[in-house]
Amino acid sequence: MTSPFQSPLFSLLLTFLLLSSSATAWKKDEFRNCKQTPFCKRARSFTPHSLPSLSASDVTLTDGALTARLIPSQPIESVVDGYPHRPLLLRLSVYRGGILRLEIDEDPSFSPVARRRFRVPDVLLPDLDSNLRLYLSRISSPSSGISAFYLGDGFEAVIRHDPFEISVRRTDTGETVLSFNSHGLFDFEQLRAKNSEDEDWEERFRSHTDTRPHGPQSISFDVSFHGAEFVYGIPEHASNSLSLRPTRGPGVDHSEPYRLFNLDVFEYLHDSPFGIYGSIPFMLSHGAKASSGFFWLNAAEMQIDVLAPGWDDPVKPDTGRIDTHWMSEAGVVDAFFFVGPGPKDVLRQYASLTGTTSMPQQFAIAYHQCRWNYRDEEDVAGVDAGFDEHDIPYDVLWLDIEHTDGKRYFTWDKVLFPNPEEMQKKLAAKGRKMVTIVDPHIKRDDSYHLHDEATEKGYYVKDATGKDFDGWCWPGSSSYPDMLNPEIREWWAEKFALKNYKGSTPSLYIWNDMNEPSVFNGPEVTMPRDAIHYGDVEHRELHNAYGYYFHMASSNGLLKRGEGKDRPFVLSRAFFAGSQRYGAVWTGDNSADWDHLRVSVPMVLTLGLTGMSFSGADVGGFFGNPEPELLVRWYQLGAFYPFFRGHAHHDTKRREPWLFGERKTALMREAIHIRYSLLPYYYTLFREASVSGIPVMRPLWLEFPDDKETYNNGEAFMVGPSLLVQGIYHEGEKTVSVYLPGKESWYNLRNGVPYAGSVSHKLEVYEDSIPSFQRAGTIIPRKDRFRRSTTQMVNDPYTLVIALNSSLAAEGELYIDDGKSYDFEQGGFIQRHFVFAERKLTSINIVPANLGEKKFSSDCIIERIIFLGLPSGMKKAVLEPGNYEVDIELGPLNIRGGSNSVAHTIRKPNVRIANDWALRIL
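Source: prediction; values computed, not measured.

Visitor: So what about the overall build of the protein chain? Which residues, and what values?
Guide: When you go through the protein chain residue by residue, the secondary structure sums to 14 helices and 56 strands. Taken over the C-alpha trace, the protein chain has a radius of gyration of 28 Å; the compact-globule value for 922 residues is 29 Å, and the two agree within 12%. In terms of principal-axis extent, the alpha carbons of the protein chain reach across some 90 × 75 × 55 Å. Counting over 922 residues, the protein chain shows a buried share of 62%. Taking contacts inside the protein chain between residues at least 6 apart in sequence as the whole, the part at least 24 apart equals 72%. Total accessible area on the protein chain stands at roughly 33500 Å², and carbon and sulfur atoms take up 50% of it.

Visitor: Break down the state of the cysteines for me, with residues and values.
Guide: Here the structure, examined in full by the defined rule, presents one disulfide. Cys34 shares a disulfide with Cys40; S-S distance 2.0 Å. The chirality of the disulfide connecting Cys34 with Cys40 is left-handed, given an S-S dihedral of about -100 degrees. Since its relative accessible area comes to 2%, Cys34 is described here as buried. Cys473 provides the cysteine sulfur closest to Cys370, a residue in no disulfide bond, and the two sulfurs are 17 Å apart. The buried category is assigned to Cys370, whose relative accessible area is 2%.

Visitor: Which residues make up the sheet that holds strand β29 (residues 476–479), and what values go with them?
Guide: One open sheet holds the three strands; their spatial order is β27-β29-β28, and the pairing between them is antiparallel. Strands with a single pairing partner mark the edges of an open sheet, and in this sheet they are β27 (442–443) and β28 (471–473). Of the pairings in the sheet, the one linking β28 to β29 comprises three bridges and is antiparallel in character. Counterpart to Cys473 in the pairing with β29 is Gly476.

Visitor: Account for the layout of surface pockets, naming residues and giving values.
Guide: By volume, the largest pocket is sized at about 960 Å³. Forming the walls of the largest pocket are 44 residues, and the residues nearest its centre are Glu670, Arg750, Asp768, Ser769 and Asn894. Counting residues per element, the ones that place at least two in the lining of the largest pocket are α12 (662–677), β44 (759–764), β45 (772–775) and β46 (778–782). Residue contributions to the lining of the largest pocket peak at nine residues, all from α12. Along the lines of polarity and charge, the residues of the lining of the largest pocket split into 21 nonpolar, 14 polar and nine charged.

Visitor: I'd like to hear about unusual backbone geometry, residue by residue, with values.
Guide: Glycine aside, residues mostly have negative phi, and peptide bonds are mostly found in the trans state. Between Asp162 and Pro163 the backbone carries a cis peptide bond, its omega angle lying at -5 degrees. Residue placement: Pro163 occurs in the loop between β10 (155–160) and β11 (165–170). The omega angle of the peptide bond from Gly340 to Pro341 is 15 degrees, so this bond is cis rather than trans. Position of Pro341 among the secondary structure elements: in the loop between β23 (333–338) and α3 (343–354). In this structure, Glu838 takes a positive phi of about 50 degrees despite not being glycine.

Visitor: So what's going on with the packing of aromatic side chains? Which residues, and what values?
Guide: Scanning the model with the defined rule gives 62 aromatic pairs in all. Their ring planes at 85 degrees and their centres at 5.9 Å tell us that Phe614 and Phe643 sit as a pair that is edge-to-face. Here Phe643 lies in the loop between α11 (628–638) and β37 (644–646) and Phe614 lies in the loop between α10 (594–609) and β35 (615–616), a separation of 29 residues in the sequence. Seen from their ring centres, Tyr635 and Phe644 are 6.3 Å apart, and the 75 degrees between their planes marks the pair as edge-to-face. Like Phe644, Tyr635 is buried. The lysine or arginine in question, Arg750, covers the ring of Tyr766, its NZ or CZ lying 3.7 Å from the ring centre.

Visitor: Explain helix α6 (residues 449–457) to me, and be specific about the residues and the numbers.
Guide: Considered for burial, the residues of α6 that qualify are Leu450, His451 and Ala454. Viewed along the axis of α6, the buried residues span an arc of 95 degrees, placing them on a single side of the element. Looking at the buried residues of α6, the elements they touch are β27 and α7 (486–494). Phi turns positive one or two residues past the end of α6, at Gly458, with a value near 70 degrees.

Visitor: Hey, could you go over the side chain of Ser615 for me, with residue numbers and the actual values?
Guide: Tracing the backbone through its elements, the reader meets Ser615 in strand β35. Given the relative accessible area of 0%, Ser615 is considered buried. A distance of 3.4 Å separates a polar side-chain atom of Ser615 from the backbone oxygen of Met612. Those residues in contact with Ser615 that lie beyond four places of it in its chain are Val585, Val604, Leu607, Tyr641, Pro642 and Phe643.

Visitor: Now, about the pattern of salt bridges: what can you tell me, with residues and values included?
Guide: Using the criterion set out here, one finds 79 salt bridges in the structure. A salt bridge links Lys560 to Glu490; its shortest N-O distance comes to 3.1 Å. Of the two residues, Lys560 sits in helix α9 (residues 546–561) while Glu490 sits in helix α7, which places them 70 residues apart along the sequence.

Visitor: I'd love a proper account of the sheet that holds strand β36 (residues 618–619), names of residues and values included.
Guide: Strands sit in the order β35-β34-β33-β30-β26-β25-β24-β37-β36 across an open sheet of nine strands; the sheet is parallel. Looking at strand neighbours, the two that pair on one side only are β35 and β36, the edges of this open sheet. With three bridges joining them, strand β24 (residues 367–369) and β37 adopt parallel strand pairing. Bridge pairing in β37 links His368 to Arg645.

Calculation notes
- Residues numbered from 1 in each chain as written.
- Predicted model: local features only at pLDDT ≥ 70, side-chain atom pairs only at ≥ 80, totals over all residues.
- Heavy atoms only, no water.
- Helix = DSSP H or I, 4+ residues; strand = E, 2+ residues; numbered from the N terminus.
- Rg over C-alpha atoms; globule rule 2.2 N^0.38 Å.
- Buried < 20%, exposed > 50% of the residue type's maximum accessible area, 1.4 Å probe, protein only.
- Contact = heavy atoms within 4.5 Å.
- Areas by Shrake-Rupley, 256 points an atom, 1.4 Å probe, with all protein chains shown as cover.
- Disulfide = S-S within 2.5 Å.
- Pairing = 2+ DSSP bridges.
- 1 Å grid on protein atoms, 1.4 Å probe; cavity = no way out; pocket = protein on both sides within 12 Å on 5 of 7 lines; lining within 4 Å.
- Points joined across faces, edges and corners; volume = space filled by probe spheres on them.
- Nonpolar A, V, L, I, M, F, W, Y, C, P; charged D, E, K, R; others polar.
- Phe/Tyr/Trp six-rings, centres within 6.5 Å; stacked < 30°, edge-to-face > 60°.
- Lys NZ or Arg CZ within 6 Å of the ring centre and 35° of its normal.
- Arc of directions from axis to C-beta.
- Polar contact = N/O pair within 3.5 Å; in protein donor to acceptor, adjacent residues only side chain to side chain.
- Salt bridge = Lys/Arg side-chain N within 4 Å of Asp/Glu carboxyl O.

Laid out in structure tokens, this is it:
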């Protein structure tokens, strides 16, 4: 039976409405603010210590954890909002690395309802509990009211019993680093049975009503970061500021908290605290003394205030800490405190809970070409040929929703794409891949096998009445697989098998869009909060994690397709904590304007700080038509994003890099060539991110934590430890000020000219590049040959660029594997550490022994060694082993056409990249 939503008339009307919306700016009144959000309005009404205080009783050590009951400090008969306050259960545990976990939940033995509050599954690493430890330093007597225990080297956690408060402090000085409930803002709305006097069991917004079948169940509390000068994190928001600006308190004009609620926001504002596509409730602080972090594992809507000094006492503002107020609609308290002490320590601690970035295939970190939509196979072939004709490398061509048969995913339009396998094989012959889009909305069409199967098996999310949820998205009437259910995720994963996804090949990868989930006729363009998931979980409890589970299922589908041997590539728009384990993300539907170019940097930096290292923004802007100057500047900046993709809306003019005149084509070609030459360095950084959690693209303060000038710099960034990049963010800009941190020099990538550190330099702006510098004391590996794709670069020789510091020393690393399989997990890789000191360059093997039986070898050689900062007069060097002499000559800084800059160069040393060797300058 055909739904009225499947009629041609409806499809035409829906398309008209959607396209009309795309031409208008984001409307603020389409999304709820705090005053329109009951839990946020409630929590924001609290003042310090105005709530009934709680005390910790029955404090004991059980199974390696400290447990207690939280009861009102007043008699148990006291009530909150007319309901008795029942005891809450508290649990404190410690993990290796100095991580404190706090859990607070209702005591089921006292609950008037059978329901349990939702805890987010499958986000924390599965072996986390094996790292559990708790060393109690003391539990006080009830009269002293203090319990304390060790966290790690130099830190301890302290729980004050009455009024209840938790703090983390240094053991040597007693200085507090983090505190919880120090302002008495902890509030926990407990589950209760409905009675005739309840009036708040529904939420209304505009024309929508969400029922609250279990009543209000919000949680809020305060967290303070002591010694902090700035706080960062809690994506996803668009903001010109790298740090999180205060949202309440003295001097704050616009009082909206930072919202974490995954939303499909058309043309989002470039500077706003409103939530967009993803949510990671992880905040980290930094200051001259130390760094710390806080993570709340909760997938319900969250609102977070950053409080300005004096918010609690305008007369005596405390500037020695940053206070924050965390508010959530539902869930439990499952929170983690990270003590650092350094910023990279905090990131490693967070990664030890939620995982590190999965190691991508090499093609995935190269350039991607995308548009909504490439029309047909002829269009695909023409775009592919255009890159070759204009000597521009690329690795991946993308297809949006129009490639499908009537918006049915896992299908192809038989007229426009009649030979999909042949199309993919033609790309693969050049070493290129294809990505197709697979979204979570399934067209409700009885002739669509996927819909029939999901309906028969009962695999869809249900509405509040228990029927399959039916909402509008691109196909019209649609339903959504319930990805919280592991069985359904497995079913979904099977759909990517070559036998099931007809027309797919092993060189096809996947793009998950609209997975917030986006529902065009839903409240705030998302699924109603009272929809029901697996285990009777309300959508309000897991909304921010729906896209995470969808991303997980798609990634596992590609993993199964390749029998566990082929690393998946799946790009997702929605994300949550832990999404880094399943692929890349991007910043969504940005606009072709200078403001969105500028804001892309703090957005991508923030994603990296919260685990999502593999991220980027649509180069050129998704909406609108960029002027050629803007497009060139975006390519020059985007070439340094971890994820580098050009993408555009179907209403925009075509913007392949060769469509803007010969000069502009040359500039964009050069930007893309720079990225390809730096791929060995980027791949090495992705390896570091996959091991340690340290992002590829980094704020300056992550590498220079003591330099206060870097703490809120969101215009420049580091790529790894060795490169600094400053974007050009204004039309016609002639000069730009660039701050170069540290005591050592920086070498301009364009011409090798050195610039002093710890100084702001006013630099002339050139059209052929943006300011970018190599840090003195570093060695960067490159590949400089022109190729069509990464596959054709595999056997190309390497160049080492050695930037010497004031001690004439430098070091760097190179990581190589087969670029696609998991053999590296069993030792199948090469990792070299290059050290230049005392006029000698040494290549050292740093692959740990006994990793496994897999081996990887390479016959690639080093064809050039370039020195920056080498004193004049050094003309000869000797290579060992072999003890043969080579010349040091002046040569080009790069081998691309038009380079006039020269540097001291050793040509054709011809040593193998995988071998131990040394080069001694005479």
